[in-house]
Amino acid sequence: MDPEPNEHSTGGVSVLHQPPSAQTGPDVQVVSAGGDSGTMSQDTEVDMKEVELNELEPEKQPMNAAAGAAAGEKNGLVKIKVAEDEAEAGAKFTGLSKEELLKVAGSPGWVRTRWVLLLLFWLGWLGMLAGAVVIIVRAPRCRELPVQRWWHQGALYRIGDLQAFVGPNEKGIAGLRKHLEYLSTLKVKGLVLGPIHKNQKDEVSGTDLKQIDPTLGSQEDFKELLQSAKKKSIHIILDLTPNYQGQNAWFLPAQADIVATKMKEALSSWLQDGVDGFQVRDVEKLVDASLYLAEWHNITKNFSEDRLLIAGTDSSDLQQIVSILESTSDLLLTSSYLSNSSFTGEHTKLLVTQYLNATGGHWCSWSLSQAGLLTASIPAQFLRLYQLLFFTLPGTPIFNYGDEIGLQAAALPGQPVEAPFMPWNESIPPRSPGPISANMTVKGQNEDPGSLLSQFRWLSDHRGKERSLLHGDFHVLASSPGLFSYIRHWDQNERFLVVLNFQDVGLSARLGASNLPAGISLPASANLLLSTNRTRLGQEEGTSLKLENLSLHPHEGLLLRFSYVA
């Protein structure tokens, strides 16, 4: 047996003798017992390390080389081989070449797919086109809108006595400019002003229709008023009634030619300055009124189609009124026609329908006189009713200043009637006996949502927004005695039902729709928009009312709305 290796202790250093097979050559040097250091070959040092590693526990040894490694690889060395597929995966994908794409795209399968998709696209497009054509053909045709000018779109507001309107503490035209904002809140489209020209009573030579009365302001003041009103979208209509301070508004018949010449010159001058229209009153006293009105109308229309001519008369005779209207095709006429009402539903219905039938397709205007207040013609309890009536009839409503608050005409005992001051507040002195209360003033009613002024603003605003009220058709309904009821409708827009009770007792409406045209019918219920009765307005505004059980309070008017049904 081979002797086991001996371990020698020399100088405190233990040296492990290796078998000859573990030595690589004769160059091995060991440390001498005397402490002299020798030299060891590099291979011997590596072999000794391998022995030490082999004596370690397996879990503490370095990773061995992979099984099947080439001979000569030593323990503890790790070699990593990158897989070829991983290297290839890292290479960037460049896609198909142009030639390859063309080859694939030209294959029979892709050619058929493209043709199928193209065919489906055109079939879908033609289908949608056919559907659109069917919808257009079968859909109800929209009715063509009529041509409308600014005076068709809202109310006109008359200020005959300028100084009475602005009050005793303001001066004429300058004072009026300060109140343009108030007029704007009324949503009126035009302001009929004056007369304000220089007029020497019953003297033709002392009357100048082209000059402003110096007591009311200057030419420059008036031009500034025109500019300010334009910014508020308010049109100025100037009253040119010549002899407004004298006995006869048109002087003597023998002076007609002189007056006619002055009128033509004044019309051209004021049109150049920017006036939007003219009013002449008492035309029944003008000799050959129809001829003159036609001539003045042509002057205004030749300047612009957007200019207006208004004629006024105190006559209430329907035939005389129709003859004046026939002088021109686009003339507004104010008269006293409706002032002869007996204030019953039946009589009011008769007057309105007769007037509309007699005037045919002529655009109407509605007022109780050519210049006076509503309170001068109707009792106070009908004021709310007539506001609702004028704003919902087909035509232009025309009001006098103060009608929006129920202003009373001033009449002192033994003195001629004077135009009352507009009561802006309680400090304005009245021209009639008795104190003025807060609810009679503009300020007081402005703060009350249920006031006559608030109703005026509401009606004026809604009339300008709803097509059925602007230019819709008008149809009278059968109803209970004492009532006047009608429908306003236009094409496919919302319909409006108006029911007015002229009696001093409550009434049940009992509406009948037998005479309505095809396509128009009464619904079972309608939404309440406005009541002239303050109690109902506060309780039921916006609610749906059943028409079969519709009842009205004394002197109450209702405005209801219902939807178009195809």
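Per-chain numbering applies: the sequence of each chain, read as written, is numbered from 1 onward. Residues qualify for local features only when their pLDDT is at least 70, as the model is predicted, and side-chain atom pairs are given and counted only at 80 or more; totals for whole chains, interfaces and linings, by contrast, use all residues. By convention in this description, side-chain values take in all heavy atoms of the structure and omit both hydrogens and water.

J.: Describe the pattern of salt bridges, and please don't skip the residues or the numbers.
T.: One side-chain nitrogen of Lys or Arg within 4 Å of one carboxyl oxygen of Asp or Glu is enough to make a salt bridge. By the definition in use, this model includes 12 salt bridges. Between Asp276 and Arg307 there is a salt bridge, and its shortest N-O distance comes to 4.0 Å. You can see Asp276 sitting in the loop between α9 (256-273) and β8 (277-280) and its partner Arg307 sitting in the loop between α10 (289-303) and β9 (308-312), a full 31 residues away along the chain. Across this residue pair, the class does not change: Asp276 and Arg307 are buried. A run of DSSP states H or I qualifies as a helix once it reaches four residues; a run of E qualifies as a strand once it reaches two. Both are numbered from the N-terminal end. Only protein chains enter the accessibility calculation, which uses a 1.4 Å probe; a residue whose area is less than 20% of its type maximum is buried, one above 50% is exposed, and one in between is partly exposed.

J.: Quick rundown of the sheet that holds strand β13 (residues 473-477)? Include the residues and the values.
T.: The strand order across the open sheet built from 6 strands is β13-β14-β15-β20-β17-β18, with neighbouring strands paired in antiparallel fashion. The open sheet terminates on both sides in strands that have one partner only, identified here as β13 and β18 (544-546). Each adjacent strand pair in this sheet contributes to an overall mean axis angle of 35°, direction not counted. In this scheme, strands are said to pair when DSSP sees at least two bridges between them. The pairing of β13 with strand β14 (residues 483-489) spans 5 bridges and is classified as antiparallel. Bridging across to β14, Leu477 finds its partner in Ser485. In what follows, a contact means two residues having at least one pair of non-hydrogen atoms within 4.5 Å. To get an axis, a line is fitted to the C-alpha atoms, and for a helix only the part in contact is used. The angle between two axes follows their N-to-C directions and goes from 0 to 180 degrees. Its contacts with the sheet place helix α13 (residues 383-392) against β14, β15 (495-501), β17 (525-531) and β20 (557-562), and it is angled at close to 150° to β15. Running over the sheet, helix α15 (residues 452-463) touches β17 and β20 and is turned about 130° from β17.

J.: Describe the pairing of β15, naming the residues involved and giving the relevant values.
T.: With 7 of 7 residues buried, β15 is to be regarded as a mostly interior element. In β15, alternate side chains face the same way, and those of Arg495, Leu497, Val499 and Asn501 on one face and Phe496, Val498 and Leu500 on the other are all buried. Relative to β15, β14 runs antiparallel, the two being bridged by 6 bridges. Residue pairing across strands places Arg488 opposite Phe496, the latter belonging to β15. Hairpin remark: β14 followed by β15, antiparallel, with 5 residues in the connecting loop; positive phi at Asp491, about 50°. Looking at chain direction, β15 and β20 are connected through 6 bridges and run antiparallel. If you follow Leu500 over to β20, its bridge partner there is Gly557.

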